[in-house]
Amino acid sequence: MKVLNTEEKDFFSTLKETAFINPFSLRRQELNRKIAGIKNLSGEQLLRKMINSVADRIKQIEMEGRGDLGSYTGEKREIMRIALLFDIYQRCGTYEEVARKTKLDRRTVRKYIHTTKQYH
């Protein structure tokens, strides 16, 4: 089984919370800043930094051979499933495109990724 170190687990747990929170709330802004590692940005710049930070983490995990969701169990699997769906949504732009690429039902994709078109 693949493992996440404590810092990675914290990062992706924060992302999991972010994916299910109102994108217009103050809490969401706080979480976006935490993920991006930046305190003073807001708006589109903050979203881009946050999305890039997630993409960089996913790339690193994939490069280390830890990108296969089947290698995780329990809570870590759920955290990574949401992280991977969030990342692919940012690259694809629509639930339908994510569903097509992942061969998941569009409703399943939508259930796990609560974001808006504001990321485009």
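Refer to the structure presented above.
Just so it is clear, the model here is predicted, and its values are computed rather than measured.

**Student:** How should the environment of glutamate 8 be read in this particular structure?
**Tutor:** For glutamate 8, the position within the fold is in helix α1 (residues 6–19). In this structure the C-alpha to C-alpha distance between glutamate 8 and arginine 57, which are 49 residues apart in sequence, comes to 8.4 Å.

**Student:** Please explain helix α3 (residues 43–63) as it appears in this structure.
**Tutor:** Turn by turn, an α-helix covers 3.6 residues, leaving residues three or four places apart pointing in a common direction. With 21 residues, α3 ought to run about 30 Å at 1.5 Å a step, and its terminal C-alpha atoms sit 30 Å apart, in line with that. Taken together, the buried positions of α3 are Leu46, Leu47, Met50, Ile51, Ser53, Val54, Ala55, Ile58 and Ile61. Residues of α3 that are buried sit in contact with α1, α2 (26–36) and α4 (74–92).

**Student:** Honestly, the nonpolar core in this entry has me stumped. Any pointers?
**Tutor:** In terms of nonpolar packing, the biggest core is built from 22 residues, with Phe12, Leu15, Met50 and Val54 touching the most fellow members. Looking at this core, the elements that each hand over two or more residues are α1, α2, α3 and α4. For this core, the element with the most residues is α3, which contributes seven residues. Each residue touching valine 54, except ones within four places of it in the same chain, is listed here: Phe11, Leu15, Ile35, Phe86 and Asp87.

**Student:** Honestly, the packing of aromatic side chains in this entry has me stumped. Any pointers?
**Tutor:** The description of two aromatic rings rests on the distance between their centres and on the angle between their planes. Inspection of every chain in the model, using the stated rule, returns one aromatic pair. Taking the centre distance of 5.2 Å and the plane angle of 90 degrees together, the rings of phenylalanine 11 and phenylalanine 12 count as edge-to-face. Positioned above the aromatic ring of phenylalanine 11 is the side chain of arginine 57, whose terminal nitrogen or guanidinium carbon lies 4.0 Å from the ring centre.

**Student:** Looking at this structure, I do not really get helix α5 (residues 95–102). What am I missing?
**Tutor:** When α5 is considered as a whole, its buried residues turn out to be Tyr95, Val98 and Ala99. Projected down its long axis, α5 shows its buried positions confined to an angular sector of 100 degrees, all on one face. A positive phi of about 60 degrees marks lysine 103, the residue just after α5.

**Student:** Mind showing me how you'd approach the packing of α2 against α3 here?
**Tutor:** Between two packed helices, both the angle of their axes relative to each other and the distance between the axes serve to describe the pair. At a minimum axis separation of 8 Å, α2 and α3 run at an interaxial angle of 50 degrees. In terms of orientation, α2 and α3 fall into the oblique class. Seen from above, α2 lies across α3 with left-handed handedness. On the side of α2, the interface is formed by Arg28, Gln29, Asn32, Arg33, Ile35 and Ala36, while α3 contributes Gly43, Leu46, Leu47, Lys49, Met50, Ser53 and Val54. The residue inventory of the contact of α2 with α3, partitioned by class, reads six nonpolar, four polar and three charged.

Parameters and conventions
- Residues numbered from 1 in each chain as written.
- Predicted model: local features only at pLDDT ≥ 70, side-chain atom pairs only at ≥ 80, totals over all residues.
- Heavy atoms only, no water.
- Helix = DSSP H or I, 4+ residues; strand = E, 2+ residues; numbered from the N terminus.
- Expected span 1.5 Å × (residues − 1).
- Buried < 20%, exposed > 50% of the residue type's maximum accessible area, 1.4 Å probe, protein only.
- Contact = heavy atoms within 4.5 Å.
- Core = buried A, V, L, I, M, F, W, Y, C linked by side-chain atoms within 4.5 Å.
- Phe/Tyr/Trp six-rings, centres within 6.5 Å; stacked < 30°, edge-to-face > 60°.
- Lys NZ or Arg CZ within 6 Å of the ring centre and 35° of its normal.
- Arc of directions from axis to C-beta.
- Axes fitted to C-alpha atoms, helices over the stretch in contact; angles between N-to-C directions.
- Parallel < 35°, antiparallel > 145°, perpendicular 65-115°, else oblique.
- Left-handed = near helix turned anticlockwise from the far one by under 90°.
- Nonpolar A, V, L, I, M, F, W, Y, C, P; charged D, E, K, R; others polar.

In short, geometric facts, not functional conclusions.
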